[in-house]
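Residue strings, one per chain:
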Amino acid sequence: MSTTKPQRSPAEIEDIILRKIFHVTLTEPPTESDPRVVVYLEMTAAEILSEGKPLLLSRDLIERVLIDRLSSSNNFPSSEPPFPYLIGSYRRAHDESKKIQSMKDKKLRSEMEIVTRDAKRLAVSYCRIHLANPDLFGRLDDDDNKAKKRKKSVSPLLPLLFAEVGSGSLDMFGGGGSSSNVQCPHGFLDEFFKDAEDFDNLDLILKELYEDLRSSVINVSVLGDFQPPLRALKYLVGLPVGAKSLVSHEWWVPRGAYMNGRAMELTSILGPFFHISALPDNTLFKSQPDVGQQCFSGASERRPADLLSSFSTIKNFMNILYSGLHDVLMILLKSTDTRERVLQFLAEVINANASRGHIQVDPVSCASSGMFCNLSAVMLRLCEPFLDPHFTKRDKIDPKYAFSGQRLKLSDLTALHASSEEVSEWINKDNAANDAGNGSESRLLQSKEATSSSSNASLQNAKSTTKYTFICECFFMTARVLNLGLLKALSDFKHLSQDISRGEDNLATLKAMRDQAPSPQLELDITRMEKELELYSQEKLCHEAQLLRDGDFIQRALSFYRLVIVWLVGLVGGFKMPLPSTCPMEFSCMPEHFVEDAMELLIFASRIPKALDGVLLDDFMNFIIMFMASPEYVRNPYLRAKMVEVLNCWMPRSSGSSATSTLFEGHQLSLEYLVRNLLKLYVDIEFTGSHTQFYDKFNIRHNIAELLEYLWQVPSHRNAWRRIAKEEEKGVYLNFLNFLVNDSIFLLDESLNKILEIKKIEAEMSNTAEWEQRPAQERQDRTRLFHSQENIVRIDMKLANEDVTMLAFTSEEITAPFLLPEMVERVANMLNYFLLQLVGPQRKSLSLKDPEKYEFRPRQLLKQIVRIYVNLARGDSENIFPGAISSDGRSYNEQLFDAGADVLRRIGEDGRIIQEFMELGTKAKAAASEAMDAEAALGEIPEEFLDPIQYTLMRDPVILPSSKTTVDRAIIQRHLLSDNHDPFNRAHLTSDMLIPDIELKARIDEFVRSHQSKKRAGGEDGSSNKERIQTTSSDMLID
């Protein structure tokens, strides 16, 4: 007969559940029970019995029992430590709560649910207490104490946090999650952090967690296991108490007498997260795994698919990082309690790293390039809400913020046009006006502040109390971060590419030297150079992976700079020409790098396939046309030259895209102003103020020349060009023509001289016996010189070809400026000089084995020179060109025209061109004969009638207002085309300042008439005249 199982009372059931949850008992456990699991609290049981209570665990007793269990840990050395024990208790309470759901008695089930809920609450509460006060229930033996002193332990909450946010990582390079075997009880962390009233304990715990998260990503590269810490950071910041604790941490914005950009990156909580990158860092701060080694070692020998896979992996990881850091900052910025501290952190990081804008960056005092590129990506994402296509919120950007000094230090940066003194004066004047409008109380307050900070500079004393919008602050911070981050990294990439190119040239030179004269030292140099090139290549590919391969990154930056451009143009009244006669100070005082960075980014983006797809370029085009020839708005000529470099990249044949052709051929401002402004910049760039201006101008004019050659092919632009040449015949167009001729002469002359030097070294090296007898060092020096001269010739000859080509196609339709008195002899001298070099007696000395290698195309060059002769002869209605040709005493020889015609026939030039060229030669010969007769008739010319510069007879004498010297008008005007100073005392001088010497001109005219009359009357023989007076000095041929 079966026995009925006795029914348990609710108190007994509660006791059983609590014993299961907390692994404690008040009655002596069975001998077979595991003391490591269930702890018998004998002393607690005795106390309860003495109070006359039953030995049953209950809600009323459990906290007391739990305290005894935790406090008496030292009596149970084999039991669990406090934190694992409490976590286990919470987990068991959660499991018991699920079992309770099967109880049929609703009242009993409800009571037991309260029991388990209280049990979980107690477990969580004492977890907080224990973590905030680890020694309170500590059971630290001597070894533990020693370990604690040696090294601060990681918060035991960290593995649970990793488990909660998911430790699964995309790390494909060996890094593993640190919490793969730890499970966080369901709901534990939410309940742990939700009690805002216990902020003091939570704050201590959170600060320790933030320090642990920071430590976990120090020196971790993008291939490391950074994702669990990043997700944990985002989780904690998402908690109100977590956000408050983070921004109040002493390491949120570290302070100290020696705090700099690098120290802030290393010691701040967010710094190590922003340091995670694919970009290489200084050896002292190198991250692991090494991205260059793992992804790009031996890149030249790897399959393209492998490199693409590495690019894709790095890009994906970086975007995970960007998104995570953006989310963290966004959460903090949305709360008014934490926003101010975030802006403070960003401003401190920017200000501490201002020297990243220098050419040479100190890696010990400045944060890494990786940190600032990451910060650039995150700031661009923060800007997205106000980067809509029409920039509807741009009116919230106040230009005065740049000089307020409230957060960012921008007032010391180079301005677009204003000098530092002008910036300071304008700000002080504006502040004085603001002060006048404020009440006396406000003035008193500002006076006190000024007194307390009297050591500050005037700009800092003028700090405004204006409250700026977040959009305004974010705009200026992003512009500065991009300057110090993305744009600096792109500059590093460019320099790396140049270093690699130079290194490869040097390596080729070393190998050539080894082939001719092998030596152990050469082998060492070659090995060293190969290793350097391998490291450079890895660095370059790391930059490419993180920056250039991330199309979204580049497009976001372009969108931001479009806003910068549109906003700047708004400061001068919008997209319209001509510009106001006076540059507004708001524009004039803006940091120059705003525009420079926009242009640099456009140049880089134009060279990346598809990077400009979908980007609205019209605003950039308008800006460039408006300001590239406006030194009154953009002072720096190199910045205006950079605008031309952008346009050069956009030419359809350069960009490879037909989309950019509409910018040139269907754009209103372009059709009206582009050619005019390019010609003006061509002239302006002659004088940049730099000590390298002479050589800089050739590269800049190369870009302008390519653009002009392209625009000449566009009918609408050619018409504009012809119109400008007519309107500015004695203005900017004449100056343009003068510098074009000057450059052509210099470049071709330099190239031809260098060719002679190259041939001399080639002859030395071909004489093997004599060459090998020379010392090794001498052979190395001569070999280096040979390769250097080759490069110079190649570049100079290419530029000379461009200039001659432009002279050829423009002279076909525009001849009048070439034939002006101040220009015609200069052009004739240039053509004669080129003709002499190409068909004269010394032409054989310029023969090369491979002339194309040096861009030297003598046949094409001769054809173009002859076409310029013919074009000018066709437009010479007054027949002054032949006389100018024959008056050249340095290069003119009547036989050159016959020699040139012979060569032209051999190379297949058009017969009509040859015929006209020969006719011009005949006219020049006749003009030479006439000139000799005229000079013979004049006899001895009085000194006062001779020009003091060229010592030729003056035809139109003028007085220079400053030096009072009398010179010939045509000669001084030719001088003023290149130099607007009086050649005798360097005083400023322009053509309209010349004073006609009417009395002297009348005497000269009378002198000429009287001598010509005498000759006619006396039938004097010109051949008996004294030495002929030259009308052109050879030393004036090349400026």
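As the structure is a prediction and not an experimental result, all values here were calculated from the model. For every chain, the first residue of its written sequence is number 1, and the numbers climb from 1 along that sequence. This being a predicted model, a pLDDT of at least 70 is required before a residue's local features are given, and a value of 80 or more before pairs of side-chain atoms are given or counted; all residues contribute to the totals for chains, interfaces and linings. No hydrogens and no water enter the side-chain calculation; it runs on all heavy atoms of the structure.

1. Quick look at the UniProt feature "coiled-coil region" (unreviewed entry) in the chain
- UniProt positions are given in the numbering used here, feature names are shortened, and annotations may be inferred rather than shown by experiment. UniProt marks residues 519-546 with the feature "coiled-coil region" (unreviewed entry), using the numbering shown here.
- Helix and strand assignments follow DSSP, with helices taken as H or I runs no shorter than four residues and strands as E runs no shorter than two, numbered in order from the N terminus. With 96% helix and 0% strand, residues 519-546 has end C-alpha atoms that lie 41 Å from one another.

2. Overview of the side chain of Glu790
- Among the structural elements, Glu790 can be located in helix H37 (residues 776-811).
- A polar atom in the side chain of Glu790 sits 2.8 Å from the side chain of Lys853.
- Contacts are residue-level and defined by heavy atoms, with any inter-residue pair within 4.5 Å sufficient. Setting aside residues no more than four positions away along its own chain, Glu790 makes contact with Ile758, Lys853 and Tyr854. For the purposes of these results, a polar contact is taken to be a pair of N or O atoms within 3.5 Å, where, inside protein, one atom must be able to donate a hydrogen and its partner to accept one; residues adjacent in sequence count only when each atom of the pair is a side-chain atom.

3. Topic: empty space enclosed by the protein
- Space inside and on the surface of the protein is sampled on a 1 Å grid over the protein atoms alone, with a cavity defined as a set of points where a 1.4 Å probe fits but cannot get out and a pocket as an open set with protein on both sides within 12 Å along at least 5 of 7 lines; lining residues have an atom within 4 Å of a point. Grid points are joined across faces, edges and corners, and a volume is the space filled by probe spheres set on the points. Within this structure, the stated rule accounts for 4 cavities of 30 Å³ or more.
- Looking at the largest cavity, its volume works out to about 40 Å³.
- Lining the largest cavity we find Tyr682, Phe698, Arg701, His702, Asp743, Leu747, Leu799, Glu802 and Asp803.
- In this classification, Asp, Glu, Lys and Arg are treated as charged, Ala, Val, Leu, Ile, Met, Phe, Trp, Tyr, Cys and Pro as nonpolar, and every other residue, Gly included, as polar. Here the lining of the largest cavity is built from residues that sort into 4 nonpolar, 1 polar and 4 charged.

4. Notes on the packing of helix H17 (residues 369-383) against helix H25 (residues 551-570)
- In this analysis, axes come from line fits to C-alpha atoms, helices being fitted only over the stretch in contact, and the angle between any two N-to-C directions falls in the range 0 to 180 degrees. Contact geometry for H17 and H25: axes closest at 10 Å, N-to-C directions at 60 degrees. Here H17 is positioned oblique relative to H25, judged by the angle of their axes. Pair H17 / H25 crosses with left-handed handedness. Counting all contacts with H17, which are made through Cys373, Ser376, Ala377, Leu380, Arg381 and Cys383, the residues of H25 involved are Phe553, Arg556, Ala557 and Phe560. Angle categories: roughly parallel below 35 degrees, roughly antiparallel above 145, roughly perpendicular from 65 to 115, and oblique for all the rest. By convention the crossing between two helices is left-handed if the near helix lies anticlockwise of the far one by an angle smaller than a right angle, and right-handed if it lies clockwise.

5. Looking at the sheet that holds strand S4 (residues 966-968)
- Spatial strand order, S4-S3-S5: 3 strands in an open sheet with antiparallel pairing. The two strands at the open ends of the sheet, each matched to only one other strand, are S4 and strand S5 (995-996).
- The strands that helix H43 (residues 969-978) touches are strand S3 (957-959), S4 and S5; relative to S4, the one it contacts most, it runs at about 85 degrees. Pairing between two strands requires that DSSP report at least two bridges joining them.

6. Brief notes about the packing of helix H15 (residues 304-334) against helix H24 (residues 520-548)
- Where H15 meets H24, the closest approach of the two axes is 8 Å, and the angle between their N-to-C directions is 55 degrees. In terms of axis orientation, H15 runs oblique to H24. Crossing handedness for the pair H15 and H24: right-handed. Contacts between H15 and H24 pair Phe311, Ile314, Met318 and Tyr322 from the former with Leu541, Glu544, Ala545 and Gln546 from the latter.
- Broken down by class, the residue content of the contact of H15 with H24 amounts to 6 nonpolar, 1 polar and 1 charged.

7. Digging into the environment of Phe274
- Its place among the elements puts Phe274 in helix H13 (residues 271-275).
- Spatially, the C-alpha atoms of Phe274 and Ser368 are 9.3 Å apart, while their sequence positions differ by 94 residues.
- Here Phe274 is in contact with Leu325, Leu329, Phe345, Gly370, Met371, Asn374, Leu375 and Val378, once residues within four sequence places are set aside.

8. Details of helix H11 (residues 240-247)
- For H11, a buried count of 6 out of 8 residues is recorded, marking the element as mostly surrounded by other parts of the structure.
- Every buried residue of H11 is listed here: Val241, Gly242, Ala243, Ser245, Leu246 and Val247.
- Of the surrounding secondary structure, the elements contacted by the buried residues of H11 are helix H8 (188-193), helix H9 (199-217), helix H10 (227-237), H15 and helix H16 (339-352). Exposed residues in this analysis have more than 50% of their type's maximum accessible area, buried residues have under 20%, and partly exposed residues fall in between, with area computed by a 1.4 Å probe over protein chains only.

9. With respect to a positive patch on the surface
- A cluster of basic side chains, namely Arg843, Lys844, Arg859 and Arg906, defines a positive patch on the protein surface.
- Mapping Arg906 onto the fold places it in helix H41 (residues 894-906). Patch membership requires over 30% relative accessible area and the absence of a salt bridge. Like charges are linked within 9 Å, and nonpolar side chains (Val, Leu, Ile, Met, Phe, Trp, Tyr) within 5 Å. To be clear on the numbers: accessible area is Shrake-Rupley with a 1.4 Å probe, and residue cover counts the displayed protein chains and nothing else. By definition here, a salt bridge exists when the distance from a side-chain nitrogen of Lys or Arg to a carboxyl oxygen of Asp or Glu is within 4 Å. We count Lys and Arg on the positive side and Asp and Glu on the negative side, and we leave His and both chain ends out. Every charge is mapped to an atom, namely NZ of Lys, CZ of Arg, CG of Asp or CD of Glu.

10. Here's the deal with the environment of Leu920
- Positionally, Leu920 belongs in helix H42 (residues 911-938).
- With relative accessibility at 4%, the residue Leu920 sits in the buried group.
- Residues Leu920 and Phe897 lie 23 residues apart in sequence; the distance between their C-alpha atoms is 8.5 Å.
- Residues within four places of Leu920 in sequence aside, it is in contact with Tyr869, Ala873, Phe881, Pro882, Ile885 and Phe897.

11. Topic: the side chain of Asp888
- Relative to the assigned elements, Asp888 resides in the loop between helix H40 (881-886) and H41.
- A distance of 3.4 Å separates the side chain of Asp888 from the backbone nitrogen of Ser891, its partner in a polar contact.

12. Quick word on the pattern of salt bridges
- Going through the model one piece at a time under the given rule, you end up with 57 salt bridges.
- Taking the shortest distance from any N to any O, the salt bridge between Glu384 and Arg556 comes out at 2.5 Å. Of this pair, Glu384 sits in the loop between H17 and helix H18 (401-404) while Arg556 sits in helix H25, placing them 172 residues apart in sequence.
- A salt bridge links Lys754 to Glu750, with the shortest nitrogen-to-oxygen separation between them at 3.5 Å. Here Glu750 and Lys754 lie together in helix H35 (residues 732-766), a separation of 4 residues that amounts to about one turn.
- Each member of the salt-bridge network shares a partner with another, and the members are Glu764, Glu770, Arg774, Glu778 and Arg782.

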